[in-house]
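Each chain, written out:
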Amino acid sequence: MVSSRRSARRLRAPTAALGLTVVLFLSGCAGASGNETGRLGDWVADVGKGWDQFVAEVLTPIANALLAIVIAWLSIAVAARLVSLIPGIRNLRMNQRTGRALLSVGWALVVLTPIVTVLSTAFAADTFVTWLVVSTPLASAAVCSLGLGLATRPRVDAKVLTPDGPSNEGWAIDALMQIRNVSRDVPSMRVNDANRDEFGAFISIADRTGSGLASAIAWLVQALFNAAPWQLHVTVLDGRSAIATVRRNGQALDEVEITLDWRNADFDQHRKLLAMAAAFTSVTMTRRYPDTLQSFAVSDWRSVGYLSIASMTRGAERRHYLALATASSIGASPSGRRQR
């Protein structure tokens, strides 16, 4: 065992010396052989000159190229995000399959465009003309396809404000789960996790204030920092009423006031309000995706919400909400039914 360790040490020393020699040679130390004086200071100076030349001729161009690629990536991504906020695009009706294809093509072009541009201009005689011919069409295609893909993603986040004012993350997760349950017949309707910041609460408060400046700031925050195009904001007023607002890419599409008329219930009232809000959100979303309408035959969100509430209740309350669901599906109110 001792002899094997000694032999390993003997092998390491020549290997380290050889590696050091190679590094010094690549760094420009070969010039030291022509040193007439042979002094250590002159040898070190030659090493420094070789390293400076290596940095100037190799490392600096590589760093500049990588910086240009990163800046191009960020610029294209920001431009695509701005495209998704254009009034004619942010509420666009498009098949989900088309949107996913545009998103995949857009991200591929975002990755390839800067790399192709840098490589093509590096060996071109006229870099400006090459940049115009190569980069402009690729960047335009990347921005347009990615912008359309981002604008039409069927992803939704939720924020719920309690009657006391602060947001409730548990209720927000409950709202997202109910949206998923309502949309279970449409597997491509993907639901994000609830936001962990206070952007949703800020936007809901700004909507309630009626201030134009607050609404503008809320829209800017929504546009720049919320990844999910669809946003459900619910303000629970009390145990029987709430206000639900659906936004898409920063634009408020619709707002409804939800009221529960079963007065004897004294528990899980917030879940019933969130069930109605989830139905409202799901139906609103499916109307923007033509290829999901066949899977989501019911178009009245109240009917969907009442069915969800009926699945949570029993007895007379269950029969009451089933009757409301039936009446809503045919566009009439139940006749002769009074709350006891």
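Residues numbered from 1 in each chain as written. Predicted model: local features only at pLDDT ≥ 70, side-chain atom pairs only at ≥ 80, totals over all residues. Heavy atoms only, no water.

Considering the overall build of the protein chain
For the protein chain, the count of helices and strands is 11 helices and five strands. Relative to its full complement of 340 residues, the protein chain shows a buried share of 39%. Put simply, 63% of the contacts in the protein chain that link residues at least 6 apart link residues at least 24 apart. Total accessible area on the protein chain stands at roughly 19,100 Å², and carbon and sulfur atoms take up 62% of it. (Helix = DSSP H or I, 4+ residues; strand = E, 2+ residues; numbered from the N terminus. Buried < 20%, exposed > 50% of the residue type's maximum accessible area, 1.4 Å probe, protein only. Contact = heavy atoms within 4.5 Å. Areas by Shrake-Rupley, 256 points an atom, 1.4 Å probe, with all protein chains shown as cover.)

Concerning the environment of Ser-84
Within the secondary structure, Ser-84 sits in the loop between helix H2 (40-83) and helix H3 (87-90). What makes Ser-84 buried here is its relative accessible area of 0%. Sequence spacing of Ser-84 and Leu-148 is 64 residues, and the spatial spacing of their C-alpha atoms is 6.0 Å. Beyond its immediate stretch of four places on either side in the chain, Ser-84 contacts Ile-89, Arg-90, Gly-147, Leu-150, Ala-151 and Asn-249.

A short note on a nonpolar patch on the surface
Together, Val-70, Trp-73, Leu-74, Val-111, Leu-112, Ile-115, Val-116 and Leu-119 give the surface a local cluster of nonpolar side chains, amounting to about 670 Å² of exposed area. Tracing the chain through its elements places Leu-119 in helix H4 (residues 96-122). (Patch = residues over 30% accessible without salt bridge, like charges linked within 9 Å, V, L, I, M, F, W, Y side chains within 5 Å. Salt bridge = Lys/Arg side-chain N within 4 Å of Asp/Glu carboxyl O.)

Re the pairing of strand S5 (residues 251-259)
One ladder, built from eight bridges, connects strand S4 (residues 241-248) with S5; its direction is antiparallel. Residue Arg-248 lies in a different strand from S5, and its bridge partner there is Gln-251. Hairpin remark: S4 followed by S5, antiparallel, with two residues in the connecting loop; positive phi at Asn-249, about 55°. (Pairing = 2+ DSSP bridges.)

Considering the side chain of Thr-113
Its place among the elements puts Thr-113 in helix H4. Sequence-distant contacts of Thr-113, that is, excluding residues within four places in its chain, are made with Ile-76, Ser-135, Leu-138, Ala-139 and Ala-142.

Some points on unusual backbone geometry
In this structure, Asn-249 takes a positive phi of about 55° despite not being glycine. Mapped onto the fold, Asn-249 is located in the loop between S4 and S5.

Side note on the packing of aromatic side chains
Within the structure shown, the criterion is met by three aromatic pairs. Note on Trp-230 and Tyr-289: the rings are 6.5 Å apart at their centroids and 55° apart in plane angle, and the pair reads as tilted. A residue pair is termed long-range when its members are at least 10 positions apart, and Trp-230 in strand S3 (residues 230-236) and Tyr-289 in the loop between helix H9 (269-286) and helix H10 (301-310) qualify at 59 residues. For the pair formed by Trp-230 and Tyr-289, the shared burial category is buried. (Phe/Tyr/Trp six-rings, centres within 6.5 Å; stacked < 30°, edge-to-face > 60°.)

Remarks on the pattern of salt bridges
Counting across every chain of the model gives three salt bridges. A salt bridge links Arg-271 to Asp-174, with the nearest nitrogen and oxygen atoms 2.9 Å apart. Separated by 97 residues along the polypeptide, Arg-271 in helix H9 and Asp-174 in helix H6 (residues 169-182) bring together distant segments of the chain. Among the residues examined, Asp-174 registers a relative accessible area of 14% and is labelled buried. For the salt bridge of Glu-317 with Lys-272, the shortest nitrogen-to-oxygen distance reads 2.6 Å.

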